[in-house]
Amino acid sequence: KTGTLALQVMNHPDQGFKYRAALKMDPNVFVPFVQQQGTRTLIQKLQLSDVSSLFVRCEGSGSEPNIGLCKNRGHVELRGVHFNGIELVSLETDMEFSGKLLTFRNSKLQRPDGPAGAEEVFVDLAENYVRLTGAHAECEPTAIVRCFAPKTAEFIARYRLPSTTITDVNGSIGWKGTEKTDCSITFAATEGTGTYHLWGKDYLISRPKGDLSLKGAQLGLKITGTVFDYPLDV
């Protein structure tokens, strides 16, 4: 009803197990058959609608017929989907996975308000953290961060940054604790305003720029811009 899955499999006593697959259906169909909770959670973060399209090409090999123990690689293309509640017009990425480790490379993402991408996204479902390398967004700045770290995104959202903000993220973010968190987030808006809250009042900041550092449970922030035609440096 939601699409098709094409699968080629070889299991040989000497050459081992090999497979090749092409998926064109909602992966939530497979959730009842997935044993690992982390993998189920990752799949369930992806929401498709009647206008969505999904294409996954994947192949792998191993010593026995268990995809979870194979070294797998492939390519993913998504159109008109939501991930963790964030709307994505399109997403294209190469991927590799083995066991509880997933790596996405050369990721290109399009949001309704602009593009984003990353050189590499490494997800460790055993240790519950994601490591972003070269993540760059030219759209609403909390959207990409919210995909992986909703609490961190809510902190950035307080500043009501314009959709033209350029955001860069590098480092790791834990989603079940802070011990794996060690990352830097920079944002800069060449036009428009953000908001700085101080002593119960909101102040408009023209062309806000910021550096956010997260390490464990500690958070550091530096923000600059213009308020009342005077320079702001916090």
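The preceding data block contains the structure.
Residues numbered from 1 in each chain as written. Predicted model: local features only at pLDDT ≥ 70, side-chain atom pairs only at ≥ 80, totals over all residues. Heavy atoms only, no water.

Chemist: Just to check I follow, could you spell out the overall build of the protein for this structure?
Modeler: Looking only at helices and strands, the protein features three helices and 14 strands. Seen through its principal axes, the protein has C-alpha atoms that stretch 75 × 40 × 25 Å. Here the protein holds 234 residues, and the buried ones make up 38% of them. Taking as baseline every contact in the protein between residues at least 6 positions apart, the subset at least 24 positions apart corresponds to 42%. For the protein, the computed accessible surface area is about 13500 Å², with 53% contributed by carbon and sulfur atoms. For the protein, the distance from the average position of its 26 positive side-chain charges to the average position of its 26 negative side-chain charges is 3 Å. (Helix = DSSP H or I, 4+ residues; strand = E, 2+ residues; numbered from the N terminus. Buried < 20%, exposed > 50% of the residue type's maximum accessible area, 1.4 Å probe, protein only. Contact = heavy atoms within 4.5 Å. Areas by Shrake-Rupley, 256 points an atom, 1.4 Å probe, with all protein chains shown as cover. Lys, Arg positive; Asp, Glu negative; His and termini not counted. Charge placed at Lys NZ, Arg CZ, Asp CG, Glu CD.)

Chemist: Honestly, the packing of aromatic side chains in this entry has me stumped. Any pointers?
Modeler: Here the distance between the centres and the angle between the planes together describe a pair of aromatic rings. What the rule picks out here adds up to three aromatic pairs. Ring plane angle 90 degrees and centroid distance 6.0 Å describe the contact between Tyr 203 and Phe 228, whose orientation is recorded as edge-to-face. Of the two residues, Tyr 203 sits in strand E12 (residues 201-215) while Phe 228 sits in the loop between strand E13 (218-227) and strand E14 (230-233), which places them 25 residues apart along the sequence. On the basis of relative accessibility, which here comes to 24%, the residue Tyr 203 falls in the partly exposed class. (Phe/Tyr/Trp six-rings, centres within 6.5 Å; stacked < 30°, edge-to-face > 60°.)

Chemist: I keep staring at helix H3 (residues 150-157) and nothing clicks. Help me out?
Modeler: Side chains three or four residues apart in an α-helix point the same way, a direct result of the helix having 3.6 residues per turn. Within H3 the residues assigned to the buried category are Thr 152, Ala 153, Phe 155 and Ile 156. The buried side chains of H3 occupy one side of the element, clustering within an arc of 155 degrees when seen end-on. (Arc of directions from axis to C-beta.)

Chemist: Can you help me understand the environment of Val 34 in this one?
Modeler: Relative to the assigned elements, Val 34 resides in the loop between strand E2 (16-24) and helix H1 (37-44). Along the sequence, Val 34 and Glu 154 sit 120 residues apart, while their C-alpha atoms lie 31 Å from each other.

Chemist: What's the story with the pairing of strand E7 (residues 114-124) in this structure? I'm lost.
Modeler: For a regular strand, side chains alternate in direction, first toward one face of the sheet and then toward the other. Summarising burial for E7: eight of the eleven residues are buried, a large majority. Note that strand E6 (residues 101-111) and E7 share ten bridges and pair antiparallel. Residue pairing in the sheet places Arg 105 in a bridge with Glu 120 of E7. Where E6 hands over to E7, the hairpin turn is made up of two residues, counted between the paired strands. Sheet topology note: the E7/strand E8 (residues 129-137) ladder contains seven bridges and is antiparallel. Across the sheet, the residue bridging to Glu 120 is Thr 133, located in E8. Hairpin connection of E7 to E8: four residues between the antiparallel strands, including Asn 128 at a positive phi of 60 degrees. (Pairing = 2+ DSSP bridges.)

Spatial relationships are all this shows, so hold off on functional conclusions.
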